[in-house]
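Survey of secondary and tertiary structure
Each chain, letter by letter, is given below.
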Number of protein chains: 2
Amino acid sequence: MTEDWAGRLREQGFRITPQRQLVLESVNSLEHGTPEEILTEVQRTASGVNLSTVYRTLEVLEGVGLITHTHIGHGSPVYHSTDQSPHLHLVCDGCAVVISIPAAAGGEFAADLEETYGFTPAMTHMAVTGLCKSCASSTVVT
Amino acid sequence: MTEDWAGRLREQGFRITPQRQLVLESVNSLEHGTPEEILTEVQRTASGVNLSTVYRTLEVLEGVGLITHTHIGHGSPVYHSTDQSPHLHLVCDGCAVVISIPAAAGGEFAADLEETYGFTPAMTHMAVTGLCKSCASSTVVT
DNA sequence: GTATATGCAAAGGGTTTGCACGGTT
DNA sequence: AACCGTGCAAACCCTTTGCATATAC
């Protein structure tokens, strides 16, 4: 975990609270946790913490750059520490498995979009959906 | 609009109703409409149509292959006719503009994912977020 | 006539917000 | 002591569902 997470918060005028520490630790340990999952993890240590606190805390932690989130399909976004090396998410529409791959894998595509359309993609922010190997071979087309 | 939309529905055992026609027409004319927007458009002709009907109808129309949807960030998905040539969506985080580009633009990237990870992406299903040219140059980083 | 589609209203998931209390600084 | 952060509950948005009625076939 970012060693100076507390300093990071203080610098920007935020206070250090047990909730913030616990949420940050949970984001780290879960790796791809939704707010609900993060709450559950936090509550293993501090059962009184509220879901709204988790949402507010995630916003703060993201604001100071300690975490980011990715939209992985229809449900809640998932959060991860910015300690992790930047990665893209491949989400299988069949079995919902999430494959993380180095952000560099999208480098050429990103450069292309930049050049051709003047658009600077943040490809880590939205997952790429599709079918994983096993689901592609056993696909049932409705 | 797909000339034989009615046949397409009938073939699969669905009935032809004014609502289905109106929803399909609205999806066509709006090009990137959310369910709510589609309802509003439909209601210009038939004010009594209900939002739940729109949802159910979109599901049916997508099921028979007349329309598809794309997730464009946090809000509701947007629907488009399958008559349109397949395209990717670039969505600006700054001004929310949606740029449609030929699906072919992602071909190399897709081939790469396939080869390296055995993953077959459906890149038209999730938008690519990022910053458009003008927002990239005037970025206010909070 | 029969089964499907619709309208309505209620319920459901996920997220945000107002407010008073409690904790950090 | 002042102010920020939290818990709680209510509100909110989007979507789905149960049910009785209406409609396409």
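Right above here is the structure, for reference.
What this report covers is the structure whose coordinates are included nearby. (Residues numbered from 1 in each chain as written. Chains lettered and ligands numbered in written order. Predicted model: local features only at pLDDT ≥ 70, side-chain atom pairs only at ≥ 80, totals over all residues. Heavy atoms only, no water.)

**Focus on a negative patch on the surface**
- On the surface, A:Glu108, A:Asp112, A:Glu115, B:Glu108, B:Asp112 and B:Glu115 cluster together to form a negatively charged patch.
- Going through the elements one at a time, helix 5 (107-117) of chain A together with helix 5 (107-117) of chain B are the ones with two or more residues in the negative patch.
- Of note, B:Asp112 is situated in helix 5.
- Assessed through its relative accessible area of 34%, B:Asp112 is described here as partly exposed. (Patch = residues over 30% accessible without salt bridge, like charges linked within 9 Å, V, L, I, M, F, W, Y side chains within 5 Å. Areas by Shrake-Rupley, 256 points an atom, 1.4 Å probe, with all protein chains shown as cover. Salt bridge = Lys/Arg side-chain N within 4 Å of Asp/Glu carboxyl O. Lys, Arg positive; Asp, Glu negative; His and termini not counted. Charge placed at Lys NZ, Arg CZ, Asp CG, Glu CD. Helix = DSSP H or I, 4+ residues; strand = E, 2+ residues; numbered from the N terminus. Buried < 20%, exposed > 50% of the residue type's maximum accessible area, 1.4 Å probe, protein only.)

**Description of the interface of chain B and chain A**
- Residue-level contacts link 36 residues of chain B with 36 residues of chain A.
- Interface of chain B and chain A: buried area, both sides summed, is about 2,700 Å²; carbon and sulfur atoms make up 67% of it.
- At the boundary of chain B with chain A, the tally comes to 0 salt bridges.
- Of the residues forming the side of chain B that touches chain A, the biggest block, 5 residues, is contributed by helix 5 of chain B.
- Class assignment for the residues of the side of chain B that touches chain A results in 22 nonpolar, 10 polar and 4 charged.
- Note: strand 5 (residues 120-121) of chain A against strand 6 (residues 128-131) of chain B, 2 bridges, orientation antiparallel. Bridged to A:Pro121 within strand 6 of chain B is B:Gly130. (Contact = heavy atoms within 4.5 Å. Buried area = accessible area lost by both parts, 1.4 Å probe. Nonpolar A, V, L, I, M, F, W, Y, C, P; charged D, E, K, R; others polar. Pairing = 2+ DSSP bridges.)

**Digging into the packing of helix 3 (residues 35-45) of chain A against helix 4 (residues 51-63) of chain A**
All names here are of chain A.
- At a minimum axis separation of 9 Å, helix 3 and helix 4 run at an interaxial angle of 110°. One element, helix 3, and the other, helix 4, form an angle in the roughly perpendicular class. Pair helix 3 / helix 4 crosses with right-handed handedness. Residues Pro 35, Glu 36, Ile 38 and Leu 39 of helix 3 lie in contact with helix 4, whose contacting residues are Leu 51, Val 54, Tyr 55 and Leu 58.
- When the residues that make up the contact of helix 3 with helix 4 are grouped by side-chain class, the tally is 7 nonpolar, no polar and 1 charged. (Axes fitted to C-alpha atoms, helices over the stretch in contact; angles between N-to-C directions. Parallel < 35°, antiparallel > 145°, perpendicular 65-115°, else oblique. Left-handed = near helix turned anticlockwise from the far one by under 90°.)

**Description of helix 4 of chain A**
Residues and elements named next belong to chain A.
- For helix 4, with 13 residues, the first-to-last C-alpha span of 18 Å sits near the 18 Å given by 1.5 Å per residue.
- Buried residues of helix 4: Val 54, Thr 57, Leu 58, Val 60 and Leu 61, and no others. Projected down its long axis, helix 4 shows its buried positions confined to an angular sector of 165°, all on one face. Opposite its buried face, helix 4 presents the exposed residues Arg 56 and Glu 59, each directed more than 90 degrees away.
- Buried residues belonging to helix 4 abut helix 1 (5-11), helix 2 (18-30), helix 3, strand 1 (67-70) and strand 2 (78-81). (Expected span 1.5 Å × (residues − 1). Arc of directions from axis to C-beta.)

Spatial relationships are all this shows, so hold off on functional conclusions.
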